[in-house]
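# Commentary on secondary and tertiary structure
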Amino acid sequence: MLAHSAGTSVEMSSVHTVLVFALVAAVSVTPVYALESCQSTDRDCHGHDKKTSPDAIRSRWNVNASNLMQDLDQFSVSCTKLIDAFPLDEVDGNFVRTVKNCIFSKSIPTPLKGPLRLAAVSKDVLEGILNVDMAVTQSEEFLHYASGGKLLPGSVPLAHRYGGHQFGYWAGQLGDGRAHSLGQYTDRNGGIWELQLKGSGKTPYSRSGDGRAVIRSSVREFLCSEAMHFLHVPTSRAASLIVSDEPVMRDQFYNGNVNTERGAVVLRLAKSWFRIGSLEILSQSGEIDLLRKLLNFVIDEHFSSIGSDDPDKYLVFYSTVVNETAHLIAQWMSVGFAHGVCNTDNFSLLSITIDYGPFGFMESYNPDFVPNTSDDEGRYSIGAQANVGLFNLEKLLTALSPVLTKKQQKEANVILKGYVHIYQMRFHQLFKAKLGLLRDEEDDGYLIAFLLKMMEDTQSDFTMTFRQLGEVSAQRLHNGNFTQMWALEDLSSHRLFSDWLSMYLLRLGRQQNDHDLDRQHRMNNVNPRYVLRNWMAESAIKKAEMNDFSEVELLHHILSSPFVTQETAEEAGYAARPPLWAKRLKVSCSS
Ligand code: AMP
Ligand code: MG
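In this report, we go over the structure that sits alongside the text. The numbering scheme is per chain: residues are counted from 1 as the chain's sequence reads. Note on labels: chains are lettered from A, ligands numbered from 1, in written order. Totals for whole chains, interfaces and linings use every residue, but because this is a predicted model, local features are given only for residues with pLDDT of at least 70 and side-chain atom pairs only at 80 or more, for both listing and counting. To obtain the side-chain values, all non-hydrogen atoms of the structure were included, while hydrogens and water were left out.

## Re the coordination of the magnesium ion (ligand 2)
The coordination sphere of the magnesium ion (ligand 2), as far as protein atoms go, consists of Asn346 (OD1) and Asp355 (OD), spread over 2.1 Å. In this structure, asparagine 346 and aspartate 355 share a single accessibility class: buried. Only nitrogen, oxygen and sulfur atoms count as donors, using a 2.8 Å cut-off from the metal that widens to 3.2 Å for Na, K and Ca. Water is left out, so coordination shells may look unfilled. A 1.4 Å probe rolled over the protein chains alone gives each residue an accessible area, and that area as a share of the maximum for its type sets the label: buried under 20%, exposed over 50%, partly exposed in between.

## Regarding helix H20 (residues 550–558)
A turn of α-helix holds 3.6 residues, and therefore any two residues three or four places apart point the same way. When H20 is considered as a whole, its buried residues turn out to be Glu551, Val552, Leu555, His556 and Ile558. Buried residues belonging to H20 abut strand E4 (117–121), helix H6 (215–230), helix H19 (534–544) and helix H21 (567–571). By the criteria applied, helices consist of DSSP H or I runs no shorter than four residues and strands consist of E runs no shorter than two, each listed in order from the N terminus. Here, two residues are considered to be in contact whenever any of their heavy atoms come within 4.5 Å of each other.

## Structural notes on the pattern of salt bridges
We count a salt bridge whenever a side-chain nitrogen from Lys or Arg sits within 4 Å of a carboxyl oxygen from Asp or Glu. Scanning all chains against the criterion turns up 34 salt bridges. With its nearest N and O atoms 2.7 Å apart, the salt bridge here joins arginine 250 to aspartate 210. Taken as a pair, arginine 250 in strand E11 (residues 237–250) and aspartate 210 in the loop between strand E9 (192–198) and strand E10 (213–214) lie far apart in primary sequence, 40 residues in all. On the basis of relative accessible area, aspartate 210 is assigned to the partly exposed category, the value being 31%. For glutamate 538, the salt bridge is made with lysine 542, and the minimal N-O distance between the two is 3.1 Å. Placement of the pair is glutamate 538 and lysine 542 together in helix H19, with a separation of 4 residues, close to one helical turn. A residue is classified by how much of its surface remains accessible, and glutamate 538, at 21% relative accessible area, is partly exposed. A relative accessible area of 46% means that lysine 542 is categorised as partly exposed.

## Details of the site of ligand 1
The criterion for a residue being near a molecule or strand is simple. One of its heavy atoms has to lie within 4 Å of it. For ligand 1, the set of nearby residues contains 16 residues, the closest of which are Gly175, Gly177, Arg207, Gly211 and Asn346. A distance of 3.3 Å separates a nitrogen atom of ligand 1 from a polar atom in the side chain of arginine 250. We call two N or O atoms a polar contact when they sit within 3.5 Å, provided that within protein one can donate a hydrogen and the other can accept it, with sequence-adjacent residues counted only if both atoms are side-chain atoms. Taking asparagine 346, its side chain carries an N or O atom lying 3.0 Å from an oxygen atom of ligand 1. Burial of ligand 1 by the protein amounts to 80% of the accessible area it has alone, namely 480 Å². For this classification, Asp, Glu, Lys and Arg are treated as charged, while Ala, Val, Leu, Ile, Met, Phe, Trp, Tyr, Cys and Pro are nonpolar and the rest, including Gly, are polar. Per-class residue counts for the shell around ligand 1 are 2 nonpolar, 7 polar and 7 charged. Method for areas: the Shrake-Rupley scheme with a 1.4 Å probe, in which residue coverage is limited to the protein chains shown.

Keep in mind these values describe shape, not function.
What follows is the structure, given as structure tokens:
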């Protein structure tokens, strides 16, 4: 069956699939054109942070942008707020147990063994957020601090108790099994950041795990969280990556092949590490006073627009999380990012990307792309993420139900029903921007879905197809001259490509007062040229495992400007057709 639009025909059933993918997989009242100034992880953009004035902070800490701390002794974080706000686990010690009636357990990190090496460090985080001079990272002291071997005076490291739904089922108590919160840090703008070590040893929540993380997964978390930030996707950040010689046994593909790898620790930070699972465990175990306490804390600290006395505050909180989760997943889709393990314990209450594991950036366009080889059923395929978001928000609503009135529960259900619409609108906006489209036209959704369907049929590269559509002039597009544009060459092999192209060029031609160079500029600012493809990470990991961190550094540097063409990146082939061996790469949950 054929559908006709603007003189173009395309098989209806398959476009329907794409539309469904785009729609189910795809609101927002934010105009696309306002996005650029509001795309960072800065929660101001979402009105979450309660702010102290920058001047007040500067005078309190006596710092300014050019006054970076030169010594780790000058640096301090504090757990006081978290400890004062909640009851602590009454049992002490890092032995595995079921924990009740608390949000955190005190837990001391276990220092990594063997010589420690600084494999990577983010200047943007160190100097830009933590106000620490990069020179400090060269000290032994820093190596120990950032890997759990040294605590600063007054520090009380904490492991967070949370639960979660994993692969659709309630998994009970999970918690920080290999992460330690070191405390909160107030940046020079008054923003609060919670610093956490990942891979720093056992806690009461380690279950059968060893509390460690290996080099390969730590390199991936370090690089990807920083890359996502520079792609303007809300995310946790990474300050440093320390590798050790401590042997860590892993059966990477769960096939009985156990290898000795090496332990590593990422020092990571987020405005908050609370997850959907943080609330779920309290609700599931009937700890409703504590549930209310945690909610009040999260709202007071991170949702500044919600009044503490508002009788509907939990409902407004829910509505905000629904809205922002829809936004986040649409942003993932717009850069072809599949998280890999979208369990409720990995979904942040602040709707930032957290817990990087077997994620992947989609190469050939395929809604069924599953980055995690352990995910046999493709539950967390890229095209399923929007639906999984809905599932997770349903679980959040269940967790909130004990503190909502019957009327509020009904209203919350109506809010949840709006999620799909919010997602679709946001997806539509982002993809319109990816095509350089201004204003709204009725057939825009069709133009997007048609393109995605052709990309699927021709297995065109997701990142480079959009990038090259922005790099190519309208004149060259018109002439169908795609030499040296490998992704467009692939796409143009589709038998309906010229139909789509005419429709696109006509659409661009109707954009009054829009110069082609302006269109290209807009598109190149939203379509990255470089993303962290698995093969790129893999190559850097192989070297890092031999203590050569040059490629980690190169990737970190390049992915900090993903929209800018860079000579070193071109030489390394990062925008070229992926090497054949890339297709054979697998990533699993093992980390
Ligand atoms: P993830 O899939 O990495 O989000 O982890 C799921 C749960 O397993 C969390 O509670 C983690 O803290 C825990 N976990 C994962 N790996 C380990 C490990 N090596 N040791 C202890 N706990 C772990
Ligand atoms: Mg996790």
